[in-house]
Amino acid sequence: MANIGFIGLGNMGAPMAINLAKAGHSVKAFDLSQEAVAKVVAGGGAAASSAQDAALGAEIIVTMLPASQHVEGLFLGNGASGGSQPGLLQHIAKGALIIDSSTIAAATSQKVAKAAEASGIGFIDAPVSGGTGGAIAGTLTFMVGGSATHLERARPLLEKMGKNIFHAGDVGAGQTAKICNNMLLGILMIGTSEAIALGVANGLDPKVLSEIMRRSSGGNWALEVYNPCPGVQEASAATRGYTGGFGTDLMLKDLGLAQESAMTVKASTPLGGMARQLYAAHSIAGHGGEDFSSVIKMLQKKG
Ligand code: NAD
């Protein structure tokens, strides 16, 4: 059983940390939110008073943070941007392994990995797919970038949080796979919302229409488990008032990463670009903190 420091206990991190604790690992958990820490303690973890405390004596550090700047700031400190906050790397034991499951820029993963390896610390990027439902059930898909040796060391832990584990390539490759997937997800959520809104505006019952499309050639993951229309699926974020899922602003971040990546390699991603614009408009309209499936609101007939 491993000594694990887990940092970032939001919608995804908390259930992932709890699954590691349930499997018998010693999990010291830290988040800026005390409420988030309390959730993991109730699920079998131990509270850390700081990120440094979580890293103390840990063989494995798992991070599940919002975006690139949080991961870079945590591990490397804010010296590069004129601050005096030291990075966590200097408090992590030589020989430890970092598993970063946040969705961030591949270039940031590579930068942190290089600094970690220079200090004798291993690093893999291991972003996930499967939503909060998958995090709770321990059925996430992991997309791993990094050495095969580090992946094999991480695998027993990844298997407690997920069902499918893919080795995408070198450090950063997991992130590239993840943003390709999320660009597709962002597009298909808008397409699914458009189709449901069109049917409903023509008098169809959204439940009946969703079931028809789910079993027809338009079937997709949103229709299977993440229907954007409230009341169609009991367990969906839409039915919970668009809370507790994958935030619009996180989707916007991922679509931005996809566009940056596309510019780097001169790829043409017209629908990904359009999707980024639509989620940006939705965020500006005040829905950034709601689940991303709330994008259906901009397509529904009012009144
Ligand atoms: P979230 O906003 O619910 O949680 C992020 C947590 O990180 C918060 O609790 C916040 O307090 C904490 N945090 C931020 N900075 C910190 C710091 N310096 N030290 C300690 N804690 C800090 O986000 P989430 O939905 O859990 O997503 C986390 C990551 O996983 C994101 O990169 C997201 O894109 C990705 N992701 C999310 C989903 C999903 O369905 N929610 C699915 C796959 C991937």
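Keep in mind it's a predicted model, so treat the numbers as computed, not measured.

Draft legend 1. Representation of the domain arrangement of the protein within the structure. Segmentation of the protein into domains returns domain 1 (3-171) and domain 2 (176-298). A separation of 27 Å is found between the C-alpha centroids of domain 1 and domain 2. Contact with domain 1, which involves 14 residues of that partner, is made by 13 residues of domain 2. Here domain 1 packs against domain 2, burying approximately 930 Å² in sum over the two surfaces, 63% of which is carbon and sulfur. The three residues of domain 1 that bury the most area against domain 2 are Thr103, Thr132 and Met143, which together make up 41% of that side's buried surface. At the boundary of domain 1 with domain 2, the tally comes to 0 salt bridges. At the boundary of domain 1 and domain 2, one finds 5 residue pairs in polar contact (both at pLDDT 80 or more). Within the side of domain 1 that touches domain 2, the residues separate by chemical class into 9 nonpolar, 5 polar and no charged.

Draft legend 2. The arrangement of the pairing of strand β5 (residues 97-100) in detail. Side chains Leu97 and Ile99 of β5 all project onto a buried face; the interleaved residues Ile98 and Asp100 project onto the opposite face, where all are buried too. Pairing between strand β4 (residues 60-63) and β5: 4 bridges, direction parallel. Across the sheet, Val62 pairs through a bridge with Ile99, a residue of β5. In this structure, β5 lies alongside strand β6 (residues 122-125), joined through 4 bridges in parallel fashion. Bridge pairing in β6 places Ile98 opposite Phe123. What joins β5 to β6 is helix α5 (residues 106-118), and the crossover it makes is right-handed.

Draft legend 3. Local environment of the layout of surface pockets. Computed from the structure, the largest pocket encloses a volume of approximately 1,200 Å³. Residue lining of the largest pocket: 48 residues in total, with Met64, Leu65, Pro66, Ser102 and Leu250 positioned closest to the centre. Put simply, the parts of the chain that give the lining of the largest pocket at least two residues each are α2 (34-42), α3 (51-55), α4 (68-76), β7 (128-129), α6 (131-137), α8 (173-201) and α11 (248-265). Classifying every residue of the lining of the largest pocket by side-chain character gives 22 nonpolar, 20 polar and 6 charged. Built from parts of two domains, the lining of the largest pocket gets at least three residues from each of domain 1 (3-171) and domain 2 (176-298). Taken as a whole, the second largest pocket spans an internal volume of roughly 470 Å³.

Draft legend 4. View of the pairing of strand β9 (residues 162-169). Pairing between strand β8 (residues 140-145) and β9: 6 bridges, direction parallel. Bridge pairing links Thr141 to Asn164 in β9. For the segment spanning β8, helix α7 (residues 148-161) and β9, crossover handedness is right-handed.

Thresholds applied
Residues numbered from 1 in each chain as written. Predicted model: local features only at pLDDT ≥ 70, side-chain atom pairs only at ≥ 80, totals over all residues. Heavy atoms only, no water. Domains from an automatic or database assignment. Contact = heavy atoms within 4.5 Å. Buried area = accessible area lost by both parts, 1.4 Å probe. Salt bridge = Lys/Arg side-chain N within 4 Å of Asp/Glu carboxyl O. Polar contact = N/O pair within 3.5 Å; in protein donor to acceptor, adjacent residues only side chain to side chain. Nonpolar A, V, L, I, M, F, W, Y, C, P; charged D, E, K, R; others polar. Buried < 20%, exposed > 50% of the residue type's maximum accessible area, 1.4 Å probe, protein only. Helix = DSSP H or I, 4+ residues; strand = E, 2+ residues; numbered from the N terminus. Pairing = 2+ DSSP bridges. Right-handed = clockwise from strand over helix to strand, strands pointing away. 1 Å grid on protein atoms, 1.4 Å probe; cavity = no way out; pocket = protein on both sides within 12 Å on 5 of 7 lines; lining within 4 Å. Points joined across faces, edges and corners; volume = space filled by probe spheres on them.

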